[in-house]
Amino acid sequence: MLKFFKEKFSWHLCATGILSVVFFISFFSLPSFAANSDYCSPLNLTRCNSKIPNLIQTCKECDADGYREWCNTDSCDIGEVCSNGACQASSSCIDSDGDGYGATGSTGCPKSGDCNNNNRDVHPGATETCGNGIDEDCLNGDLTTENWTCGNWSACVEGYKDRICTDANNCPTPINRPTSRETCGAPSITVIYPDPAQNNSFTLNSRPTFKVRITPTPNTLNNVDLYSKVNGGASVFVATLYDDGAHGDGDPFPLAIANDGVWANAITLGSIGKITFELRIGNVPYPFSPPPLSITVTNPSGTTCTSVVDNGDSDDKLDIVYIGDNYTANDLTAFAATVKTFSDAFLATEPFMTQKAKINIHRIDNTVDLRCDYGYGGIARLISCDDRAFVRSIVASACDFYPDEIIVLMNSDIYGGGGYIGDHFAMSYKGDSGVAIHEFGHSFAGLRDEYTAYQGNGSAGTNDDPNCDDTAGCVKWSSISNQCLPASEPWGGCTYDNWYRSIDNGIMRVIGGNTGFGPVNSDVINKIFINHPYN
């Protein structure tokens with residue numbers, strides 16, 4: 001039955017360049033002309049692409065009007081792809097593992113190039129893991145070489161600085177990883193014992209164990225030594241500390257673990273007074289974390305500092321302390337009397353008589369062996385003390401100030417004495433105050449002996465040896481005195497044979513008869529008073 005009659009004209013400008021008119025009459029409505037049928041019309045005609053003139057393509061698929069349709073990329077609308085001759089929606093993306101990347105060759109995906117569409121951790125831009133046999137980023141296969149980069153170092157904190165280093169290739173077994181932590185700055189020294197927050201006091205010859213914690217990297221340190229300063233004096237070596245699991249370095253006590261950062265050793269306290277400590281690592285001093293490590297060592301004998309001449313506060317006075325050696329408790333009354341005699345003679349001698357308002361004199365009734373004796377350097381009358389620091393520690397423990405001059409008074413009738421040039425430490429026997437004054441000139445003012453003490457020639461310094469000159473005319477003190485006694489004078493020169501002196505028989509040459517210091521030596525002493533706060 002005739003269901004409809006349809007005319008359709010299609011004008012084509014085909015490759016032959018011939019304009020043709022196709023006229024056909026459809027007599028029947030043919031259900032077989034549906035999509036995907038082999039033929040859309042009895043004539044199996046072709047038509048040209050209306051979007052691209054002069055192009056003839058073979059139709060592959062029927063449209064709703066029964067005419068074959070065709071497609072290419074240019075003929076599809078946005079959001080469509082050309083597939084099997086037809087424009088289709090882009091939903092044809094193949095992304096089996098759901099990682100957002102289509103399989104290699106897949107169309108219509110937002111991103112493509114997935115080289116393993118069954119592993120969501122594999123796709124372009126994924127993090128590559130070095131050496132696992134998988135090409136995670138679908139680029140150049142699996143990586144086998146580390147590729148490290150490091151950020152900047154952090155600030156130095158508690159002896160360490162850090163930085164973050166990353167391997168761009170993410171190799172599983174780093175071999176060439178750069179260091180990410182280094183030591184920096186000075187080691188941090190923290191006291192464990194004695195507790196720096198306490199007023200630690202120990203007795204003479206006690207043996208406490210000192211313990212400190214050192215960071216960083218304690219097992220890389222060596223030569224860790226404690227040094228002490230007794231009453232502000234020079235450093236005196238105390239002991240080496242160890243982090244070896246012995247020597248009392250356990251933390252907490254008594255556990256002892258090597259290389260745990262706790263360094264320790266037991267130390268015999270042989271000095272008396274206020275002792276402060278510093279730590280030296282490889283002979284380089286490092287401070288303790290505040291508060292500083294300090295202790296007080298007391299003298300079991302209970303010695304005290306007694307005023308003999310008191311002119312006021314020690315802060316602005318010249319403080320002289322006499323301390324006895326080889327005295328017993330029964331001798332202390334005689335010692336006190338001798339000190340009074342020596343003090344009176346001292347203050348009656350110029351220039352001290354003029355300066356006496358600026359001078360305090362004290363005594364210490366000591367019965368401890370100070371280890372001072374005669375015969376130093378092979379000279380029978382020369383007295384010396386084996387350990388001046390030990391003597392100073394006893395003085396400091398007995399007095400509430402630090403003296404400017406210490407004079408050790410030997411309980412002996414044998415003539416002798418000694419004075420350390422410029423060291424403010426002198427020694428004298430008890431029989432003659434002139435010896436103590438002479439030795440005071442050495443130790444306090446740096447004056448030389450004004451007789452030949454050393455054979456041969458010497459060179460007198462401009463500032464050193466202030467009472468001796470090695471040039472004729474004695475230019476050194478020409479503004480004070482025109483005296484320049486030649487070396488040919490009796491008793492020789494001034495310490496050396498070729499040096500000159502300013503006075504014939506001053507106390508630096510002849511002891512006894514209150515010979516005094518003379519104008520040149522007195523000027524040297526007065527300048528010390530002027531330049532020091534003895535005012």
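Everything here concerns the structure above.
Residues numbered from 1 in each chain as written. Predicted model: local features only at pLDDT ≥ 70, side-chain atom pairs only at ≥ 80, totals over all residues. Heavy atoms only, no water.

K.L.:
Can you help me understand unusual backbone geometry in this one?
P.N.:
Keep in mind that most residues, glycine aside, have a negative phi and that most peptide bonds are trans. Cis geometry marks the peptide bond from Tyr193 to Pro194; its omega dihedral reads 0°. Among the structural elements, Pro194 can be located in the loop between strand E17 (188–193) and strand E18 (201–203). For the peptide bond that leads from Glu350 to Pro351, omega is 10°, which places it in the cis range. If you trace the backbone, Pro351 turns up in the loop between helix H1 (332–347) and helix H2 (352–355). Notably, Arg371 is not glycine yet its phi reads approximately 60°, a positive angle. Topologically, Arg371 is positioned in the loop between strand E28 (359–364) and strand E29 (372–373). (Helix = DSSP H or I, 4+ residues; strand = E, 2+ residues; numbered from the N terminus.)

K.L.:
What am I meant to see in the sheet that holds strand E22 (residues 262–266) here?
P.N.:
Two strands in a sheet stick together by hydrogen bonds in their backbones, pointing the same way (parallel) or opposite ways (antiparallel). Reading across from one edge, E17-E19-E22 is the order of the three strands in this open sheet, with antiparallel pairing throughout. Every other strand in the sheet has two partners, leaving E17 and E22 as the edge strands with one partner each. Pairwise comparison of adjacent strand axes, ignoring direction, gives a mean angle of 25° for this sheet. When strand E19 (residues 209–215) meets E22, the two strands line up antiparallel, connected through five bridges. Bridging across to E22, Thr209 finds its partner in Ala266. (Pairing = 2+ DSSP bridges. Axes fitted to C-alpha atoms, helices over the stretch in contact; angles between N-to-C directions.)

K.L.:
I keep staring at the side chain of Thr452 and nothing clicks. Help me out?
P.N.:
Structurally, Thr452 can be placed in strand E34 (residues 452–454). Judged by relative accessible area, which is 17%, Thr452 ranks as buried. One polar contact links the side chain of Thr452 to the main-chain amide nitrogen of Gly493, over a distance of 3.0 Å. A polar contact of 3.1 Å, which involves the side chain of Thr452, links it to the side chain of Asp497. (Buried < 20%, exposed > 50% of the residue type's maximum accessible area, 1.4 Å probe, protein only. Polar contact = N/O pair within 3.5 Å; in protein donor to acceptor, adjacent residues only side chain to side chain.)

K.L.:
Explain the sheet that holds strand E27 (residues 318–325) here, please?
P.N.:
Pairing is mixed in the open sheet, where six strands are placed in the order E26-E28-E27-E31-E33-E32. Of all the strands in the sheet, just strand E26 (305–309) and strand E32 (417–420) have a single pairing partner and so form its edges. Along the sheet, successive strands turn relative to each other by an average axial angle of 25°, direction set aside. Of the pairings in the sheet, the one linking E27 to strand E31 (residues 405–410) comprises six bridges and is parallel in character. Within E31, the position partnered with Tyr322 by the bridge is Ile407.

K.L.:
What am I meant to see in the state of the cysteines here?
P.N.:
Put plainly, a disulfide is one covalent bond tying together the sulfur atoms of two cysteines. This model, assessed by the stated rule, comprises six disulfides. Across a sulfur-sulfur distance of 2.1 Å, Cys115 and Cys138 are joined as a disulfide pair. On the sign convention where negative is left-handed, the bridge of Cys115 and Cys138, at about -85° about the S-S bond, is left-handed. Of this pair, Cys115 sits in the loop between strand E12 (111–114) and strand E13 (148–150) while Cys138 sits in the loop between E12 and E13, and the two are 23 residues apart along the sequence. On the accessibility criterion, Cys115 (43% relative accessible area) is partly exposed. We classify Cys138 as partly exposed; its relative accessible area is 21%. Bridging Cys468 to Cys494, the disulfide has an S-S length of 1.9 Å. Taking the sign of the torsion about the S-S bond as the criterion, the disulfide between Cys468 and Cys494, at about -60°, is left-handed. (Disulfide = S-S within 2.5 Å.)

K.L.:
Could you clarify how one ought to interpret the environment of Ala445 in this entry?
P.N.:
With respect to the secondary-structure elements, Ala445 resides in helix H4 (residues 433–445). Linking Ala445 and Ser522, residues 77 residues apart in sequence, is a C-alpha distance of 9.6 Å. Among all residues touching Ala445, those that are not within four sequence positions of it are Phe440, Pro466, Val524, Ile525 and Ile528. (Contact = heavy atoms within 4.5 Å.)

K.L.:
Would you explain the packing of H1 against H4 in this entry?
P.N.:
Each packed pair of helices is defined by two parameters, the angle between the axes and the distance between the axes. One way to put it is that H1 packs onto H4 with a least axis distance of 9 Å and a crossing angle of 60°. Comparing their axes, H4 and H1 come out oblique. At the point where H1 passes H4, the crossing takes the right-handed sense. On H4, the residues touching Phe342, Ala345 and Phe346 of H1 are Ser433, Ala436, Ile437 and Phe440. (Parallel < 35°, antiparallel > 145°, perpendicular 65-115°, else oblique. Left-handed = near helix turned anticlockwise from the far one by under 90°.)

K.L.:
Please clarify how the nonpolar core should be interpreted in this entry.
P.N.:
Core analysis: the largest hydrophobic core is formed by 45 residues, its most contacted members being Leu279, Phe288, Ile323 and Val408. Element by element, the count of residues in this core is highest for helix H3 (residues 388–398), at five residues. Setting aside anything within four residues of it in sequence, one finds Leu279 in contact with Ile189, Ile214, Val224, Asp225, Leu226, Leu241, Val284, Pro285, Tyr286 and Phe288. Formed by 30 residues, the second largest nonpolar core is a distinct cluster that contains Phe342, Ile407, Ala436 and Ile525. (Core = buried A, V, L, I, M, F, W, Y, C linked by side-chain atoms within 4.5 Å.)

K.L.:
Quick question: what am I supposed to make of the pairing of E32 here?
P.N.:
Two faces belong to every sheet, and in a regular strand the side chains alternate between them. Bridge count between E32 and strand E33 (residues 425–429): four bridges; the pairing is antiparallel. Across the sheet, Gly419 pairs through a bridge with Ala426, a residue of E33. In this antiparallel pair of consecutive strands, E32 and E33, the connection spans four residues, and Gly422 shows a positive phi of 70°.

Structural measurements only, silent on function.
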